[in-house]
Number of protein chains: 2
Amino acid sequence: MSVLKKNSARQRDQERARLIWLLTTDKAVTSTLLGKLTLAEQYDVGTLADDIAEVGALVAHLPPPDLADTLEALPSEERHALWRLVQDHERGQVLLEASENVWDDLIDEMSDRDILDALQTLDIDEQIYLVQHLPRNLTGRLLASLPADERARVRQVMHYEKNSVGAIMEFGVITVRPDVTLGTVQRYLRRLGKMPDNTDKLFVTSRDKTLLGELELKTILLNSTQRRVSEVMENEPMVFSPEDDAEKAARTFERDDLVSAAVVDSVGKLMGRLTVDEIVDVVYEETDNDLRALGGISAEDDVHASVGKAVKTRWAWLAINLCTAFIASRVIDGFEHTISQLVALASLMPIVAGIGGNTGNQTITMIVRALALENIQPGNFAFLIFREMGVALINGLVWGGIMGGITWWLYDDMALGGVMMLAMVLNLLVASMMGVIIPLTMTKLGRDPAVGSSVMITAITDTGGFFIFLGLATLFLL
Amino acid sequence: MSVLKKNSARQRDQERARLIWLLTTDKAVTSTLLGKLTLAEQYDVGTLADDIAEVGALVAHLPPPDLADTLEALPSEERHALWRLVQDHERGQVLLEASENVWDDLIDEMSDRDILDALQTLDIDEQIYLVQHLPRNLTGRLLASLPADERARVRQVMHYEKNSVGAIMEFGVITVRPDVTLGTVQRYLRRLGKMPDNTDKLFVTSRDKTLLGELELKTILLNSTQRRVSEVMENEPMVFSPEDDAEKAARTFERDDLVSAAVVDSVGKLMGRLTVDEIVDVVYEETDNDLRALGGISAEDDVHASVGKAVKTRWAWLAINLCTAFIASRVIDGFEHTISQLVALASLMPIVAGIGGNTGNQTITMIVRALALENIQPGNFAFLIFREMGVALINGLVWGGIMGGITWWLYDDMALGGVMMLAMVLNLLVASMMGVIIPLTMTKLGRDPAVGSSVMITAITDTGGFFIFLGLATLFLL
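Residues numbered from 1 in each chain as written. Chains lettered and ligands numbered in written order. Predicted model: local features only at pLDDT ≥ 70, side-chain atom pairs only at ≥ 80, totals over all residues. Heavy atoms only, no water.

Chemist: Can you walk me through empty space enclosed by the protein in this structure?
Modeler: Summed over the entire model, instances satisfying the criterion amount to five cavities of 30 Å³ or more. The computed volume of the largest cavity comes to approximately 1,000 Å³. Lining the largest cavity are 50 residues, and of these A:Gly357, A:Asn361, A:Thr458, B:Asn361 and B:Thr458 sit closest to its centre. Mapped by element, the contributors of at least two residues to the lining of the largest cavity are helix H18 (276-295), helix H19 (307-334), helix H21 (344-372) and helix H24 (453-477) of chain A together with helix H18 (276-295), helix H19 (307-334), helix H21 (344-372) and helix H24 (453-477) of chain B. Broken down by element, the lining of the largest cavity gets its largest block of residues, nine residues, from H21(A). Each residue belonging to the lining of the largest cavity can be placed in one class, and the counts come to 22 nonpolar, 26 polar and two charged. (1 Å grid on protein atoms, 1.4 Å probe; cavity = no way out; pocket = protein on both sides within 12 Å on 5 of 7 lines; lining within 4 Å. Points joined across faces, edges and corners; volume = space filled by probe spheres on them. Helix = DSSP H or I, 4+ residues; strand = E, 2+ residues; numbered from the N terminus. Nonpolar A, V, L, I, M, F, W, Y, C, P; charged D, E, K, R; others polar.)

Here you go:
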């Protein structure tokens, strides 16, 4: 069983880790590969030569998706070194599998011609995807290389938005007519000699390309060869339009356990198909985007981006945050007189603000998630706000009560304790209400509820917390 | 083409939305379905009867996965009303597709017997999954209902951890021998008459169940019926062990575009298979967990949980947050004398703390994400810390400089501006360093880096920010 063992998932994981280890632990390996160092300059030539030979063997053995993942896990210099070892005929596939973050590094030493050559090994839909999104614009050059009829079709596909079904669909489909027998289908398939990846079904179309049904491979195998396609085909298949949202399509794939599905135009003609491998990518990307958006980092930022790039991608969030913090600071400044009378307020106010920010962010995370899962419907808005405010009221009374008690005991001032409690209750109510309203409003306005929600809620709970607490103190304590 | 149109993804989305709308907009619909109201008590019987008929028609038309999603999108009472309409033979499937959050509501009106009956329609692996994780413990009763030999196998499977491949694998596999012809395989399949869902390949095993290779359905169709299985099978298939981590398996499925894969034991015997539909669920769940963890909400909390449940699931985070805020407050309290001398400090200190928290959370989000994508390797630790601190230093100098300038201008106090700038630089450095160290340390300790990281970093940047700013002010300004 040693053959099988070799290809276990764990083994491949180890090979990738080993490759990264070889490239990152001894700087000389990368330097030599990049031609900055010759073997003769090395003190320990034997080990270095062994390491480089092993790197070469691993690169030759690992398939493109693993190479892509390895490239992503490497710092910029090592990434260049590894990319040089990737063979020309695999480069297109590796580019396709690698995430956008690393494209910059990979293509910066390649000429336009090199890139287009690398793309030759890919399907036309994959080529289109890459030329449209690579940092260098090669769309024109790709179009010029295509025959005229193909060009028209490609131009049409390029119109679909990035997150639509049209942008991720494949053109490679096998179609059959409804009136032939399964035996004929089998002979036809054998003559074709191959099928596109992730083909679990053929599409049954009329002469004018109208989709009539689907024929699963399984159905062909389970039924007698005498039967006609029209008798055994699924005639209510799940179909998508190219304008459909890719993330929604992913939910449908998950819901219906699909492996592939037809994409049809507005009059029901077959345009292409969606496959589960693209869908899995969409799911990873979608949730990754939500995580990044809630954490305030942009899609271009990654752990291996250079310092300069990271500064550039993050400065906007910092600037916004600084503005909101500055506004909160001005609110406090307005109560300078109150604070100078009672310095204890200065040390207590961050508690009120902090607890509000925490609750607001909890609420927002839950709402963003529920929106993504389509668990929120128009009928629920009022219910949601009341529920969150109910939770906030209880938490405010309990924790505000405890904190009020502690404040009373610490400063021996019952009125101060009362103000503390009241401020916490009020700020939690504000936080929970805005935590529902902000993401839902952003969705209504057609914006991504994850982007910026967290910054906004923190701004509100900080400013609001300081205002409520210091305002109440001014009213009741001076 | 009207038949096809009916089953477009969009149409199903609309049907689900319609069902939710019917149940949530008119309270009378739900009340009537729950038997709390009779038709005779209604002022507008005609409309109500129509609505209820439409609800019934939609429930009958929508397949179990859509019903599960609809149930998740409803508040508790409407959820009960809808669940009553779900037919007995579909209940098992709906339960399986619904998320854990709603199980409570669904089974609370069912007896143990009802539940076990509902499970009868499911495969044994699905039954095991449900009885193990349903809020009511039915494992014993399920085991008792099984024949002795099955029971032994089930007991063994139950040992696998929740996030392992063993817990999500399926037993339903079709195996063939290597020495038969493809024609024989086809006859065998036709005799079987059906295949498990998501079957894209058969498994080739020896008489003692040792996995020898895989035979794709596609291969059967593309090759002559005279050829032998052993000649055309894939003999280096990707295999998993039941102990493998499910999230890692999901990465491998994504990487290799798999639809199904064999699960083998330590000596290479076939135990079952993993399918892409389970993998898509794992991906959604994984990223959902990360989002929840970073946002500080637990897996049991959802938008339709009752107020009581929401209070219960969130109190721990609030308590922790309150403790850390209290510690930060005590730090400020230690500088009471300083603040009373210079009240401006009170309004400026939240800026220093806030900007640190923001940067720390950006870093943590990025690291958590990179850990999930396996983009961080041991060789990168030092690089990551230096890079993040480099970014922090630049941002600190730029934004600290701007803020220092504004402070100087606002308060006409150059020393105060200098303290502001220095404090911001230092707190950003602390934030970025801890933003790398916290999640990586938690990973080293075998804990989920997403859980608690955000709270910890905020605690550190708050306390640290106040201490650094007020400490510097005490040193230089008094």
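Here the narrative resumes.
Chemist: How should I be thinking about the relation of the copies chain B and chain A in this particular structure?
Modeler: Both copies of the chain are related by one operation, a rotation about an axis with a shift along it. Rotating chain B by 180° and moving it 0.0 Å along the rotation axis overlays it on chain A with an RMSD of 0.1 Å. Such values leave the two copies arranged in the relation of a two-fold axis. Taken together, the interface assignments show that 100% of the residues at the interface of chain B recur at the interface of chain A, consistent with an identical surface on both copies. (Least-squares fit on C-alpha atoms with pLDDT ≥ 70 in both. Contact = heavy atoms within 4.5 Å.)

Chemist: Where do I start with the layout of surface pockets in this structure?
Modeler: Over the atoms a probe the size of a water molecule is rolled, and this reveals where empty space is left. Each pocket or cavity is described by its volume, and for the second largest pocket that value is around 1,000 Å³. Surrounding the second largest pocket, 34 residues form its lining, A:Lys248, A:Leu371, A:Ala372, A:Glu374 and A:Thr443 being those nearest its centre. At the level of secondary structure, the elements contributing two or more residues to the lining of the second largest pocket comprise helix H17 (246-256), H18, H21 and helix H23 (414-444) of chain A together with helix H2 (9-25) and helix H5 (64-72) of chain B. The element contributing the most residues to the lining of the second largest pocket is H2(B), with five residues. The residue makeup of the lining of the second largest pocket, split by class, is twelve nonpolar, eight polar and 14 charged.

Chemist: Help me understand the interface of chain B and chain A, please; the structure alone is not making it clear to me.
Modeler: The interface is formed by 143 residues belonging to chain B together with 143 residues belonging to chain A. When chain B packs against chain A, close to 12,700 Å² is buried across both sides, 63% of that on carbon and sulfur atoms. There are eight salt bridges connecting chain B and chain A. We note a salt bridge from A:Asp256 to B:Arg12, for which the minimum N-O separation is 2.7 Å. Applying the counting criterion to the chain B and chain A interface returns 15 residue pairs in polar contact (both at pLDDT 80 or more). Looking at the side of chain B that touches chain A, the element that brings in the most residues is H21(B), giving 18 residues. For the side of chain B that touches chain A, the per-class residue count stands at 67 nonpolar, 37 polar and 39 charged. (Buried area = accessible area lost by both parts, 1.4 Å probe. Salt bridge = Lys/Arg side-chain N within 4 Å of Asp/Glu carboxyl O. Polar contact = N/O pair within 3.5 Å; in protein donor to acceptor, adjacent residues only side chain to side chain.)

Chemist: I'm lost on the sheet that holds strand E6 (residues 270-275) of chain A in this one. Help?
Modeler: Strand pairing in a sheet takes place through backbone hydrogen bonds and is either antiparallel or parallel in direction. Residues and elements named next belong to chain A. Read across the open sheet, the three strands follow the order E4-E5-E6; overall the sheet is mixed. Edge positions in the open sheet fall to strand E4 (239-240) and E6, since each of these has one partner strand only. Both strand E5 (residues 260-264) and E6 contribute to a ladder of five bridges, which runs antiparallel. Of the residues in E6, the one forming a bridge with Val263 is Gly272. (Pairing = 2+ DSSP bridges.)

Chemist: Help me understand the environment of B:Val94, please; the structure alone is not making it clear to me.
Modeler: Its place among the elements puts B:Val94 in helix H7 (residues 88-97). Expressed as a C-alpha distance, the spacing of B:Val94 and B:Leu106, which sit twelve residues apart in the sequence, is 9.8 Å.

Chemist: How do you make sense of the confidence of the model for chain A when you look at a structure like this?
Modeler: Caution applies to low-pLDDT regions: their predicted coordinates should not be interpreted in detail. Residues and elements named next belong to chain A. Here chain A shows a mean pLDDT of 86. Residues at 70 or above account for 95%. Here helix H1 (residues 2-6) stands out as the least confident element of chain A, with mean pLDDT 42; strand E2 (residues 201-205) is the most confident, with 95. Scored below 50 in pLDDT, residues 1-6 shows eleven contacts in the model against residues more than four places distant or in partner chains. Scoring the predicted complex yields pTM 0.78 and, for the interface, ipTM 0.78. (pLDDT = per-residue confidence, 0-100.)

Chemist: Please explain the environment of A:Ala28 as it appears in this structure.
Modeler: Residues and elements named next belong to chain A. Within the secondary structure layout, Ala28 lies in helix H3 (residues 27-33). Using a relative accessible area of 9% as the deciding quantity, one classes Ala28 as buried. Distance from Ala28 to Leu48, taken between C-alpha atoms, is 7.4 Å for residues 20 residues apart in sequence. (Buried < 20%, exposed > 50% of the residue type's maximum accessible area, 1.4 Å probe, protein only.)

Chemist: How should I be thinking about a nonpolar patch on the surface in this particular structure?
Modeler: All names here are of chain A. A contiguous nonpolar patch, built from Leu422, Leu426, Leu475 and Phe476 and spanning about 410 Å² of accessible area, is present on the exposed surface. If you list the elements that add at least two residues to the nonpolar patch, you get H23 and H24. Mapped onto the elements, Leu422 comes out in helix H23. Residue Leu422 is classed as partly exposed on the basis of its relative accessible area, which comes to 39%. (Patch = residues over 30% accessible without salt bridge, like charges linked within 9 Å, V, L, I, M, F, W, Y side chains within 5 Å. Areas by Shrake-Rupley, 256 points an atom, 1.4 Å probe, with all protein chains shown as cover.)

Chemist: For this particular structure, what's the right way to read H21(B)?
Modeler: Turn by turn, an α-helix covers 3.6 residues, leaving residues three or four places apart pointing in a common direction. Residue and element names in this part refer to chain B. Taking 1.5 Å as the rise per residue, H21 with 29 residues should run 42 Å; its terminal C-alpha atoms sit 43 Å apart, in good agreement. The buried count for H21 comes to 26 of 29 residues, which makes it a mostly enclosed element. Positioned one or two residues after H21, Glu374 has a phi angle of 55°, which is positive. (Expected span 1.5 Å × (residues − 1).)

Chemist: How should I be thinking about the sheet that holds strand E5 (residues 260-264) of chain B in this particular structure?
Modeler: All names here are of chain B. In spatial order, the strands read E4-E5-E6; together these three strands make up an open sheet with mixed pairing. Single-partner strands in this sheet number two, and they are strand E4 (239-240) and strand E6 (270-275). One ladder, built from two bridges, connects E4 with E5; its direction is parallel. Looking at the pairing, Phe240 lines up with Val263 of E5.

Chemist: I tried to follow the UniProt feature "transmembrane region" (unreviewed entry) in chain A on my own but got confused; where do I start?
Modeler: Per the UniProt record, the feature "transmembrane region" (unreviewed entry) sits at residues 391-411, 417-442 and 454-477 of chain A. End-to-end, the C-alpha atoms of residues 417-442 of chain A are 37 Å apart, and along that stretch the chain is 100% helix and 0% strand. (UniProt positions renumbered as here; feature names shortened; annotations may be inferred.)

Chemist: What's the story with the nonpolar core in this structure? I'm lost.
Modeler: Soluble, globular proteins show a tendency: their nonpolar side chains are buried together. Ranked by internal contacts, the top residues of the largest apolar core, which has 144 residues, are A:Phe240, A:Leu274, B:Phe240 and B:Leu274. Once you skip the residues sitting within four places of it in the chain, B:Leu274 turns out to touch B:Val165, B:Ile168, B:Met169, B:Phe240, B:Ala249, B:Phe253, B:Val259, B:Ser260, B:Ala261, B:Val263 and B:Ile279. By size, the runner-up hydrophobic cluster in this structure holds 73 residues, among which are A:Phe335, A:Val419, A:Leu472 and B:Trp399. (Core = buried A, V, L, I, M, F, W, Y, C linked by side-chain atoms within 4.5 Å.)

Chemist: Explain the domain arrangement of chain A here, please?
Modeler: The figure often quoted for interface size is the accessible area lost as the parts come together. Examined at the domain level, chain A breaks down into domain 1 (7-158), domain 2 (173-275) and domain 3 (305-475). The distance between the C-alpha centroids of domain 1 of chain A and domain 3 of chain A comes to 46 Å. (Domains from an automatic or database assignment.)

Chemist: What is the right way to read the packing of aromatic side chains from this model?
Modeler: In this description, an aromatic ring pair is defined by two values, namely the gap between the centres and the angle between the planes. Considering all chains together, one arrives at seven aromatic pairs over all chains under this definition. Residues A:Trp399 and B:Trp315 carry aromatic rings whose centres are separated by 6.1 Å and whose planes lie at 10° to one another, so their mutual orientation is stacked. One end of the pair, A:Trp399, is in helix H22 (residues 381-411); the other, B:Trp315, is in helix H19, on a second chain. (Phe/Tyr/Trp six-rings, centres within 6.5 Å; stacked < 30°, edge-to-face > 60°.)

Chemist: Would you explain the UniProt feature "domain: CBS" (unreviewed entry) in chain A in this entry?
Modeler: On the UniProt side, "domain: CBS" (unreviewed entry) is annotated at positions that read residues 233-291 of chain A here. In the segment residues 233-291 of chain A, helix accounts for 46% and strand for 22%; the C-alpha atoms at its two ends are 42 Å apart.

Chemist: Where do I start with the side chain of B:Asn427 in this structure?
Modeler: Within the secondary structure, B:Asn427 sits in helix H23 (residues 414-444). Aside from chain neighbours lying at most four places away, what touches B:Asn427 is B:Val352, B:Ala353, B:Gly356, B:Thr461, B:Gly464, B:Gly465 and B:Ile468.

Chemist: Would you mind going over the pattern of salt bridges with me for this structure?
Modeler: Two side chains with opposite charge may pair up if their charged atoms get near one another. Within this structure, the stated rule accounts for 36 salt bridges over all chains. Residues B:Asp13 and B:Arg16 are paired through a salt bridge, measuring 2.3 Å at the closest nitrogen-oxygen approach. Placement of the pair is B:Asp13 and B:Arg16 together in helix H2, with a separation of three residues, close to one helical turn. Where salt bridges share partners, they join A:Arg12, A:Asp13, A:Arg16, A:Asp66, A:Asp69, B:Arg255 and B:Asp256 into one cluster.

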